[in-house]
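Structural characterization, general
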Amino acid sequence: MNPFDLKPQKADKIFTSWNKVLVKPYDKNTVDPYTRLRVILMSGTEFESVRFSNAFTRHCANNDVRRRLAYMRRGEQIQQKRVAGLKPANETILEHTIGYEQLAVDLTANLAMSESNSYVKKQLDFALLEDFDHLYRYSDLMELEKGGDPAKLVGDYTEIMPGRPTVSEYRHPYDDVNFYINGYLNDKKTKLNINIITAAEQQTMNFYMNVGNLYATPLGRKLYNEIAMIEEQHVTGYGCLKDPSMTWWESLLMNEYTECYLNYSCYMDEKDERIKKIWEMHFEEEVAHLHEAADLLRTYEGKVWQQCLPEGGDFPELLKFRSQKDYIREILKSVRLTGVEEGWEELDKVPDGFRYFGYNARTNGNLNCVGTHLVIDKTIAGIGKDWRLQDKDHPIRALSDRKKDNVDIARVKGK
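What counts, and at which threshold
- Residues numbered from 1 in each chain as written.
- Predicted model: local features only at pLDDT ≥ 70, side-chain atom pairs only at ≥ 80, totals over all residues.
- Heavy atoms only, no water.
- Salt bridge = Lys/Arg side-chain N within 4 Å of Asp/Glu carboxyl O.
- Helix = DSSP H or I, 4+ residues; strand = E, 2+ residues; numbered from the N terminus.
- Buried < 20%, exposed > 50% of the residue type's maximum accessible area, 1.4 Å probe, protein only.
- 1 Å grid on protein atoms, 1.4 Å probe; cavity = no way out; pocket = protein on both sides within 12 Å on 5 of 7 lines; lining within 4 Å.
- Points joined across faces, edges and corners; volume = space filled by probe spheres on them.
- Nonpolar A, V, L, I, M, F, W, Y, C, P; charged D, E, K, R; others polar.
- Phe/Tyr/Trp six-rings, centres within 6.5 Å; stacked < 30°, edge-to-face > 60°.
- Lys NZ or Arg CZ within 6 Å of the ring centre and 35° of its normal.
- Axes fitted to C-alpha atoms, helices over the stretch in contact; angles between N-to-C directions.
- Parallel < 35°, antiparallel > 145°, perpendicular 65-115°, else oblique.
- Left-handed = near helix turned anticlockwise from the far one by under 90°.
- Contact = heavy atoms within 4.5 Å.

Regarding the pattern of salt bridges
Counting across every chain of the model gives 30 salt bridges. Here Arg67 makes a salt bridge to Asp64, at a shortest N to O gap of 3.4 Å. Placement of both Arg67 and Asp64 in helix 2 (residues 63-84) is noted, with a separation of 3 residues, approximately one turn of the helix. On the basis of relative accessibility, which here comes to 47%, the residue Asp64 falls in the partly exposed class. Residue Glu91 pairs with Lys87 through a salt bridge whose shortest N-O separation is 2.5 Å. Under the relative-accessibility criterion, Glu91 is labelled buried at 9%. Residue classification places Lys87 among the buried positions, given a relative accessible area of 14%.

Topic: empty space enclosed by the protein
Evaluated as defined, the whole model comprises 7 cavities of 30 Å³ or more. Lining the largest cavity, in full, are Thr45, Glu48, Ser49, Asn195, Ile196, Thr198, Ala199, Lys242, Asn255, Thr258 and Glu259. Of all the elements in the fold, those that place two or more residues in the lining of the largest cavity are helix 1 (33-58), helix 6 (188-211) and helix 8 (248-269). Take the lining of the largest cavity: its biggest share by element is 4 residues, from helix 6. The residue inventory of the lining of the largest cavity, partitioned by class, reads 2 nonpolar, 6 polar and 3 charged.

Looking at the packing of aromatic side chains
In total, this model carries 27 aromatic pairs according to the counting rule given. Judged by centre distance (5.4 Å) and plane angle (40°), the rings of Phe52 and Trp248 are tilted. One end of the pair, Phe52, is in helix 1; the other, Trp248, is in helix 8, and 196 residues separate them in sequence. Look at Phe52 and you get buried, because its relative accessible area is 10%. On the basis of relative accessible area, Trp248 is assigned to the partly exposed category, the value being 32%. Three or more aromatic residues joined by ring pairs make a cluster, and in this case those are Phe4, Tyr257, Tyr261, Tyr264, Tyr267, Phe283, Trp305 and Phe315. The residue whose ring lies beneath Arg164 is Phe126, and the NZ or CZ to ring-centre distance is 4.2 Å. Sitting over the face of the ring of Tyr267, Lys276 holds its NZ or CZ atom 4.5 Å from the ring centroid.

What about the packing of helix 2 against helix 8?
The N-to-C vectors of helix 2 and helix 8 enclose an angle of 20°; their axes lie 14 Å apart at closest approach. Our classification of the angle between helix 2 and helix 8 gives roughly parallel. The two elements helix 2 and helix 8 cross, and the hand of that crossing is left-handed. Counted together, Val65, Leu69, Met72, Glu76 and Gln79 of helix 2 and Trp249, Leu252, Glu256 and Glu259 of helix 8 form the full contact between these two elements. Of the residues assigned to the contact of helix 2 with helix 8, the class counts are 5 nonpolar, 1 polar and 3 charged.

Points about the layout of surface pockets
For the largest pocket, the calculated volume is near 490 Å³. Lining the largest pocket are 25 residues, and of these Asn195, Lys242, Asp243, Met246 and Ser251 lie nearest its centre. Among the elements that make up the lining of the largest pocket, the one with the highest residue count is helix 6 (6 residues). Each residue belonging to the lining of the largest pocket can be placed in one class, and the counts come to 9 nonpolar, 11 polar and 5 charged. Counted as a void, the second largest pocket has a volume near 290 Å³. Along the walls of the second largest pocket sit 18 residues, with Ser43, Gln80, His96, Tyr100 and Gln203 positioned nearest its centre. Considered class by class, the residues forming the lining of the second largest pocket number 9 nonpolar, 7 polar and 2 charged.

This is the structure:
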């Protein structure tokens, strides 16, 4: 599939009445977990498109260009509202959150397995173990508060158990800054992967920043605020991978190409026939946006789209949500890594005076008051052990004890 070869529909076809925008939500009790993930993913993708377009407008002095950006942006807004409307009103903040973290885990694993650039793959694997831990801690909050069933939400696709403990994840800001990836020297799948994961993590960070102070219980408020800070670290790390030498016009084209790729991937992978038609409609609309972006690139920068995609416009292997339990268990073996400058190192090999230790200690303070640790302690006190969803024993012995939350691994040397 090459979206550049397709004849675009008229751009204004996307503008429609509210009754065609505010669609019927899915049934949270019967929806396939991966349909829920696609809805979250595509809402975040549209949000990223709108965010970028607004930033572009604020750095552009040409009102003719700004009008064309506004025209495209209005369409993206309509799409975002249609996708967001698929989320039912009776899906709680915490149920929504389990979906966010399952998306972070399974999306990251799927992207990492398809990634040819070893540096990008290392960043994906590194953050994967942290989002994996977040899913575990939110699930224990759900069990503790009797707010739902995490196992039903994730289905048989994803295990729930500790990853790199959240208390170990707080690194000095300097050590979340990565090298950028030269887009001209890397294939389009790498560029797509970076775009996709940055948008997904950006949405998760924004969601937690917005709902953290609205959660009903003090423990839940602690959890959201603490994990939101880790999501900021992830957005920094992933965002730094993006090529800063790309112009606004080139970035616009790549954003629209990414949206085409994702909508087509969702269309091909979706089981719900009603929602499948939405992905198909949005793909057709994004093809029109992509052709508009190509015209802007040619008009205002004198470049053709092939200069941004020298391999051609054919989509690489499509994104398909598949359970990656074995892959995640293998990546868990690197749980003791931490960030060091633009790379990663086993904690035991990091010098004693390195900034990680002082920053982490100041951030956590008294560990007995930290929400991400406290939620596990309270669950253990309430039901005699933590809540997990495991096919078999945890692959890391130090994280296998279900009656004690390990707050030392990847944070204290020798543990």
